[in-house]
Amino acid sequence: MSAVGQEPQEVERSLGQLVAVATAEMSALVHDEIALAKAEIREDVKRVGIGGGAIGVAGTLALFAVPVLSFAAAYGIHNLGLGLAWSFLIVGAAFLLIAGVLALFAVSKLKKISPPEKSIASIKETAAVVSTVKPHPRPVSAEAVGVARSSS
């Protein structure tokens, strides 16, 4: 037993304990990587939703504008005056203007979508570290001479 205030002595851990610790740390690392990727992707999904909704509204307004502009053109050609047709034309043009503004808004939102750069960089860094790790050779004891080792 060690008394309070004394430095703890280093204890050699067994291979099983080392594997258990390494497995737990790798599991925690993978969970952290997944959490980071989810957080970054959640932002992009929100932007896609807003941009997609704006495109949907712009498309709907453009569809409403087609019959209105068609009626306005027909009445305008027929009357050649400032009557009911011009009011249809003004309403149709207003719909198209609103649709254009919403489409520009949607494009600006969709351009802001980027890949999860932090996750990609972190995964590359982790892969680089893991690829450089090599097992430490164990000293061959006299008892283990007769045990065949597999080459890997």
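Look above for the structure.
Remember, predicted model here, so these are calculated numbers, not experimental data.

Draft legend 1. Representation of the overall build of the protein chain in the model. Secondary structure assignment for the protein chain yields three helices and zero strands. Going from N to C terminus, the protein chain has its helices and strands arranged as α-α-α. Each of the 152 residues in the protein chain was classed as buried or not, and the buried ones make up 11%. Within the protein chain, residue pairs in contact and separated by at least 24 positions form 79% of the contacts whose partners lie at least 6 positions apart.

Draft legend 2. Molecular detail of the environment of Ala54. Here Ala54 lies in helix 1 (residues 15–79). The contacts of Ala54, once residues within four sequence positions are left out, are Leu102, Phe105 and Ala106.

Draft legend 3. Layout of the side chain of Asp44. Tracing the sequence through the fold places Asp44 in helix 1. Discounting residues that sit within four places of it in the chain, Asp44 has contacts with Ile113 and Ser114.

Draft legend 4. Region of the structure containing the pattern of salt bridges. Scanning the model with the defined rule gives one salt bridge in all. Among the ionic pairs, Asp44 bridges to Arg47, the shortest N-O distance being 3.5 Å. Of this pair, Asp44 and Arg47 both sit in helix 1, three residues apart, which is roughly one turn of that helix. You can call Arg47 partly exposed: its relative accessible area is 26%.

Draft legend 5. Focus on a nonpolar patch on the surface. Taken together, Val48, Ile55, Leu110 and Ile113 make up a surface patch of nonpolar side chains, about 290 Å² in accessible area. Looking at where Val48 falls in the secondary structure, it is placed in helix 1. The class for Val48 is partly exposed, based on a relative accessible area of 43%.

Reading the values: the criteria
- Residues numbered from 1 in each chain as written.
- Predicted model: local features only at pLDDT ≥ 70, side-chain atom pairs only at ≥ 80, totals over all residues.
- Heavy atoms only, no water.
- Helix = DSSP H or I, 4+ residues; strand = E, 2+ residues; numbered from the N terminus.
- Buried < 20%, exposed > 50% of the residue type's maximum accessible area, 1.4 Å probe, protein only.
- Contact = heavy atoms within 4.5 Å.
- Salt bridge = Lys/Arg side-chain N within 4 Å of Asp/Glu carboxyl O.
- Patch = residues over 30% accessible without salt bridge, like charges linked within 9 Å, V, L, I, M, F, W, Y side chains within 5 Å.
- Areas by Shrake-Rupley, 256 points an atom, 1.4 Å probe, with all protein chains shown as cover.

The values are spatial; any link to function lies outside them.
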